[in-house]
Every structure is written in structure tokens, then in C-alpha cells.
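Coordinates in review
Residue strings, one per chain:
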Protein chains: 2
Amino acid sequence: MRPGYTEETTLAPAAQCPDCKRINEVLSRVGDRWSVLIVVSLSQYGKLRFNELKRNLGISQRMLSLTLRELERDGLVSRTYFPTIPPKVEYALTPLGESFKEPVKQLALWALGNLSEIDNARRHYDDAQQAASEPA
Amino acid sequence: MRPGYTEETTLAPAAQCPDCKRINEVLSRVGDRWSVLIVVSLSQYGKLRFNELKRNLGISQRMLSLTLRELERDGLVSRTYFPTIPPKVEYALTPLGESFKEPVKQLALWALGNLSEIDNARRHYDDAQQAASEPA
DNA sequence: CGGTATCCGCCCAGATACTG
DNA sequence: CAGTATCTGGGCGGATACCG
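Residues numbered from 1 in each chain as written. Chains lettered and ligands numbered in written order. Predicted model: local features only at pLDDT ≥ 70, side-chain atom pairs only at ≥ 80, totals over all residues. Heavy atoms only, no water.

- Per an unreviewed UniProt entry, chain A is named Helix-turn-helix transcriptional regulator, and its organism is Shimia litoralis.

Take a look at the structure:
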């Protein structure tokens, strides 16, 4: 569970079905913007150095550092440090990270295959809203 | 970085690979905490009323309203209003929403199947950190 | 019941500066 | 190169109050 998660205030924990809770748990962890992009990048390139990731993703140093640490902590990404001068660090997917590629790929394929339909639905919705607010 | 690329302080859009950008786009939209839980709930129960969703998910009225509107706008969820007294509104998945169930299910299965491994990795990582900071 | 409007705290994430 | 530390504000999301 990431820091931002609201650990119940006055509301019920998260969901009646325990599965929903756990699904949400893992999605909160690995489903955020940068985690997915990092996994996708690493799955494409195999190994990447810190600044290679930074350049590829257009991510700030801070978020890259934080997200990589979290991914390493969760066992999805491995970190290999070479004490050369200058230093060199390589990030790669662990077997667990590799196993995550497939579900992500499914999601990505769905996304790519349905984005246009989503865009259409959105235009349609916006037009309807527009028409409703401009009855003149 | 391409030669002509201006070293602007604001970051590059999101990613060098256009696919990453779109993947991120759709994940930003439907990958958030509440959207996924709503889709999962609707896929389990078929149709749900506003307050049924609210109770099931432990979501605030505001976020439920906002998220449902966004899902409806994106064509994933249908909204049916019954002008009875008291009013009644039913939410359900559209065909597009139904098609989203499968990728989500894959992700959920991966999550459920690997959560314990993630927890193990995390404990291992935390222990190592603890040992490193307590050399006494 | 099914929302909308408003206020507000708190976290996320970018910018910047500094270190090994 | 590969980070860490600190500041800051913008936005997400909960609480509350109020309408149809």
C-alpha cells in the first residue's frame, strides 16, 4: 500500500469483497503511472541505467528514484551496482517482474485496441452535454 | 535526446515510445483506484444503484459521482435513470466495459497469485535495510 | 434516493541544490 | 553518473451542506 492510500477514515475499509481489496492493493502498488512505464521499458530493453530510464520516460529524478526503490522492494526489479568511476547502475526485471509483463501486455493491448472507441464515446458524451446546456 | 530538442526545464511529454504514452493514457483514465473497483463490482453484480455501489466500495459520494461520470463518458458504464419517487438510477457495464473485464481479470489473477511473493520480497528488502542501518 | 457545490487537508510530484 | 534533501504548489479525495 502506497503512502497516499487513505487508510479508512470513517468509511468501510475498501470493499465488501476481500478480493477487491487485494486487487486494489496490488493496483495501487504497481498500477501507477511510473511503475508501469518502467516495467514496460525494462521489458523492451532488458537492462537500463538510471539516466537512460530518466531520459526515456521523461520522469523526474525524484520519482524515478522513489519508484525504482519501490519496485525493487516489491521484487519486480533488480538493481545492480558497479562501483566504477563514474558509478554505473543497471536495472532489470526479476523473474517476478517478467511474470508481470504478460498481464500488463494484455492491458496495453486492450488499451491500444479500444482507445479510439473511448475517444469516440467521449466526443459523443461531450456533444450531448454541450447540446443539453445550449438549448437555444 | 534528439539534436534539435530544446533542453526545456519542463519534462518531455511522457515517453519516447508512442505506445508507452498511450498505455499511460488509458491507465491514467481507467487504472485508478475507484474505476477498477467499480468495474469489478459491476461485473460481479450486473446492475447496481448509486448507493449500492457507495456502500459496497466504501467510496465517498463525491468520488463515486465523479468516477461514474468519467466511466460513462468513456463509454465503459451505462447509466439508466428511472424518474420514480424516490428516483432510481442503475449503473451497468456497456459492451466496451465488458471487454475490459478480461484484461482486468488477468491483472487481478496475477495480483492474487503473486501478492504473497511481493510481501516476501518486501520483508526481505526491509530486513536488509534494517540490518544495514543497524551495524552495531 | 441520487446527486451537486463548497471547503479544505494532505500527499504527490516537479524543481532545485547538493553529495559521493 | 546516480542518487539524496528540501521546498513548494497543485490536485486528489474526504467531509459537510444543500437541492430535485
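Anyway, onward from the coordinates.
**Quick notes on the pairing of strand E3 (residues 88-93) of chain B**
Residue and element names in this part refer to chain B.
- Across the 6 residues that make up E3, a large majority, 5, are buried.
- Strand direction decides the pairing type here: strand E1 (residues 47-49) and E3, joined by 3 bridges, are antiparallel. Looking at the pairing, Arg 49 lines up with Glu 90 of E3.
- Counted between consecutive antiparallel strands, the loop separating strand E2 (residues 77-82) from E3 contains 5 residues. (Buried < 20%, exposed > 50% of the residue type's maximum accessible area, 1.4 Å probe, protein only. Helix = DSSP H or I, 4+ residues; strand = E, 2+ residues; numbered from the N terminus. Pairing = 2+ DSSP bridges.)

**As for the packing of helix H3 (residues 50-57) of chain A against helix H4 (residues 61-73) of chain A**
Residue and element names in this part refer to chain A.
- Viewed as axis vectors pointing N to C, H3 and H4 meet at an angle of 120 degrees, and their least axial separation amounts to 10 Å. As H3 packs across H4, the resulting crossing turns out to be right-handed. Residues Phe 50, Leu 53 and Lys 54 of H3 form the contact with H4, whose participating residues are Gln 61, Leu 64, Ser 65 and Leu 68.
- Of the residues in the contact of H3 with H4, the class split is 4 nonpolar, 2 polar and 1 charged. (Axes fitted to C-alpha atoms, helices over the stretch in contact; angles between N-to-C directions. Left-handed = near helix turned anticlockwise from the far one by under 90°. Contact = heavy atoms within 4.5 Å. Nonpolar A, V, L, I, M, F, W, Y, C, P; charged D, E, K, R; others polar.)

**What to know about helix H2 (residues 33-45) of chain A**
Residue and element names in this part refer to chain A.
- Compared with an ideal rise of 1.5 Å per residue, which puts 13 residues at 18 Å, H2 spans 19 Å between its outermost C-alpha atoms and is within 8% of the ideal.
- When H2 is considered as a whole, its buried residues turn out to be Trp 34, Ser 35, Val 36, Leu 37, Ile 38, Val 39, Val 40, Ser 41 and Leu 42.
- Once H2 ends, the next one or two residues include Gly 46, with phi positive near 85 degrees. (Expected span 1.5 Å × (residues − 1).)

**Considering the pattern of salt bridges**
- For the structure on display, the rule yields 12 salt bridges over all chains.
- Residue Arg73(A) is joined to Asp126(B) by a salt bridge in which the shortest nitrogen-to-oxygen separation is 2.8 Å. Placement of the pair is Arg73(A) in helix H4 and Asp126(B) in helix H5 (residues 95-133), with the two residues belonging to separate chains.
- With relative accessibility at 31%, the residue Asp126(B) sits in the partly exposed group.
- The salt bridge partner of Glu90(B) is Lys88(B), with a shortest N-O separation of 3.8 Å.
- Three or more residues are tied together by salt bridges with common partners; here these are Lys47(A), Lys88(A) and Glu90(A). (Salt bridge = Lys/Arg side-chain N within 4 Å of Asp/Glu carboxyl O.)

**Points about the nonpolar core**
- One finds Leu42(A), Leu53(A), Phe100(A), Leu42(B), Leu53(B) and Phe100(B) to be the most contacted residues of the largest nonpolar core, which totals 58 residues.
- In contact with Phe100(A), not counting residues within four places along its chain, are Val30(A), Val39(A), Leu76(A), Leu107(B) and Trp110(B). (Core = buried A, V, L, I, M, F, W, Y, C linked by side-chain atoms within 4.5 Å.)

**Comments concerning the environment of Lys101(A)**
Residues and elements named next belong to chain A.
- Note that Lys 101 resides in helix H5 (residues 95-133).
- Residue classification places Lys 101 among the partly exposed residues on the basis of a relative accessible area of 29%.
- Distance in space between the C-alpha atoms of Lys 101 and Val 36 is 9.4 Å, their sequence separation being 65 residues.
- When neighbours within four sequence positions are excluded, Lys 101 is seen to be in contact with Ser 43 and Leu 93.

**Notes on the pairing of strand E2 (residues 77-82) of chain A**
- Across 6 bridges, the pairing between E2(A) and strand E3 (residues 88-93) of chain A is antiparallel. Opposite Ser78(A), over in E3(A), you have Ala92(A) as the bridge partner.

**Thoughts on the sheet that holds E2(B)**
All names here are of chain B.
- If you walk across this open sheet you meet the 3 strands as E1-E3-E2, and the pairing is antiparallel. Two strands close off the open sheet at either side, each with one partner strand: E1 and E2. Looking at each pair of strands side by side, their axes are set apart by 30 degrees on average, direction ignored.

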